[in-house]
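This is what each chain is made of:
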Amino acid sequence: GAASTLACTNLLVSKGASLDGSNIISYNADASNFYTTIYHYPAGTNVNGTMRKLWSWDYGTYLGEIPEATETYNVVGNVNEHGLIITESTFGGLTELTCTQRTGTVDYGSLIWLTLQRSKTAREAISTMNFLVTTYGYASTGESFSIADRDELWYLELIGKGRFAKGAVWVARKVPDGYVTGHANQARITTFPQGDPLTCLFSADVISFAREIGLYDGTDAEFSFSDVYDPVTFSGARFCEARVWSFFTAVMGAEWSNQYLDYAQGYNLANRMPLWVKPASQISVQDVMQFMRSHYENTALDMTGQSFSDVGAGAFSVPVRASPLTWSASNFKGSQFFHERAIAQGPTGWSIVCQARPNLPDALTALMWFGIDDSSTSVHFPVYGSVTRVPAGWGGGGPQDGVTPPMMTFSLTSAFYVFNLVANWAYTRWDAIYPDVLNEILTHEKEYFALVEETDRKALALLSDSNPLVQAQGVEYLTKFTENVGETLLTDWVSFFGRLFVKYRDGFITTAKSAVTAPVCGCDTSSLPYQDEWYNRIVEDTGDVYKVPRSAIAADGVKAKKWTTIEKKDLRAFN
């Protein structure tokens, strides 16, 4: 089946807004059928006439072939050896403009990885993307793309021409330095400057095409890309823009948040948020990782049941919900209901935070912090854009390569399944287990940031050498570092799952104790009760079904002659 819709979140932080001067892009690639690996495309040269076969990233269907570039650059995940980053979120847009293999050969997945293999800078990437869809046709629905190099950060929105023509129309805005933005499955670019190529680029026919097919009859100056090609609706606001609102809320504060709450809730679509905002303080990479863990905690959309009573969170404050996103209730015929769609969710393929770092050689510029599965339960570990191998257990091809990933084969040597084990165990008792998970995540990530400082320093000495052989040693050093960190993390996480399972088995907390003081198991067990609110809800729902009769309370522990009876509830079998 198709990958899930409403599928991805991107947060963008310009270098002037970041603590270390990096352009930062984070990206959750979400879908229930997405088996995650780190895609690797080695650098290469190709003779004239070499062809590149393309498959749909969403569907795995063969799209055709196009001429391969004479030279291709090393690509790992969503970054390349020159420090370029490209990520996406699907906004869909008008149904009539949907493109398939009948209308083009390049889908949005191929557009990302072909462009990363053929471009060094963000502006070159925009030109390459335009060339690819214009020359070979586009084969997807509307997409938002985040594009960065060490100097510039761009936000591009593109939609195909459907049955009307070959190719696509698009607008790209440069994010002003010192600002942040985001996108999450809703087109956000409205009007745009049309005479400033330093900050805005667009296809020549982005407005005229809309006129030709009857979508727009206003002036050029009033043309809004989003309003014409992907008008915001309740679902576009509540399920999509609300995720950007949560990011903006985190960096702008409560006053700003309250100003746009009715828009994020989908109740006032005219109150659109600005395309970008300027945070009062600079943002670290670790901050962005935390933003990507959001379930709207401590806001009006909180999914944990802590800000307001919510039976959907269950007894254990679980912030994930059963699929589907929208649903009906048999006792409320004629009404439709929904769950919130937060940044962090269970069916996530990868969660990455990418840096395009300043003042470094190309081989050190792109640093992809790669996490797998749910962004709230994943550890982000460092992967340099120049590495020539990826860690065992993390690599592999995808549908866009004509490869069917091994989703149906469970393995403890697969990072995808090991991280899913921990996440899904945490979902069973979120209030108790997740604090342990988050602590383990932060401990690992703190260690990795320290290791990166040391690794940068050693690699820089090699990469700055004038001898190409020494420079190659620098790339190999980065590759071995990445392999070691990834493979060690996988081993660590298998062990961590074991510890969690032992500790939180059967609804108890089991902790180690000396065999001298606890010879039965070398452990101590304690109850893990419901929260008080849930006990109240049980009574409210069931009345006296579970109520202990007063006579039984009085009789428990009653003396039988001169002896005292052990209360049954205190027997070991009940504890």
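A. A look at the overall build of the protein chain. When you go through the protein chain residue by residue, the secondary structure sums to 14 helices and 25 strands. Radius of gyration (C-alpha) of the protein chain: 27 Å, near the 25 Å computed for a compact globule of 575 residues. Projected onto its principal axes, the C-alpha coordinates of the protein chain cover approximately 100 × 65 × 45 Å. For the protein chain, contacts bridging at least 24 residues in sequence account for 70% of all contacts bridging at least 6. Summed over its atoms, the accessible surface of the protein chain is roughly 25,500 Å², and 55% of this surface lies on carbon and sulfur atoms. Here the protein chain contributes 43 positively and 60 negatively charged side chains, and the mean placements of these two sets differ by 7 Å.

B. Expanded view of the state of the cysteines. One pass over the full model with this rule turns up one disulfide. Here Cys 521 is linked by a disulfide to Cys 523, with a sulfur-sulfur distance of 1.9 Å. Negative torsions about the S-S bond denote left-handed disulfides, and the value of about -100° found for Cys 521 with Cys 523 makes this one left-handed. Cys 521 gets classed as partly exposed once you look at its relative accessible area, which sits at 46%. Left unpaired, Cys 240 is separated from the closest cysteine sulfur, that of Cys 8, by 11 Å.

C. Here's a closer look at the pairing of strand β6 (residues 62-67). Sheet topology places strand β5 (residues 51-55) next to β6; five bridges connect them, and they run antiparallel. By the bridge assignment, Met 51 is partnered in β6 with Pro 67. Counting the residues that bridge the hairpin from β5 to β6 gives six residues, and of these Gly 60 lies at a positive phi of roughly 75°.

D. Summary view of unusual backbone geometry. Residue Pro 324 is bonded to the preceding Ser 323 through a cis peptide linkage, with omega at 10°. As for its placement among the helices and strands, Pro 324 is situated in the loop between α8 (285-291) and β17 (326-327). The backbone of Asn 359 shows a phi angle near 60°, a positive value even though the residue is not glycine. Inspection of the secondary structure assignment puts Asn 359 in the loop between β19 (348-356) and α9 (362-365).

How each quantity is defined
- Residues numbered from 1 in each chain as written.
- Predicted model: local features only at pLDDT ≥ 70, side-chain atom pairs only at ≥ 80, totals over all residues.
- Heavy atoms only, no water.
- Helix = DSSP H or I, 4+ residues; strand = E, 2+ residues; numbered from the N terminus.
- Rg over C-alpha atoms; globule rule 2.2 N^0.38 Å.
- Contact = heavy atoms within 4.5 Å.
- Areas by Shrake-Rupley, 256 points an atom, 1.4 Å probe, with all protein chains shown as cover.
- Lys, Arg positive; Asp, Glu negative; His and termini not counted.
- Charge placed at Lys NZ, Arg CZ, Asp CG, Glu CD.
- Disulfide = S-S within 2.5 Å.
- Buried < 20%, exposed > 50% of the residue type's maximum accessible area, 1.4 Å probe, protein only.
- Pairing = 2+ DSSP bridges.

These results come straight from atomic positions and should not be treated as a statement about function.
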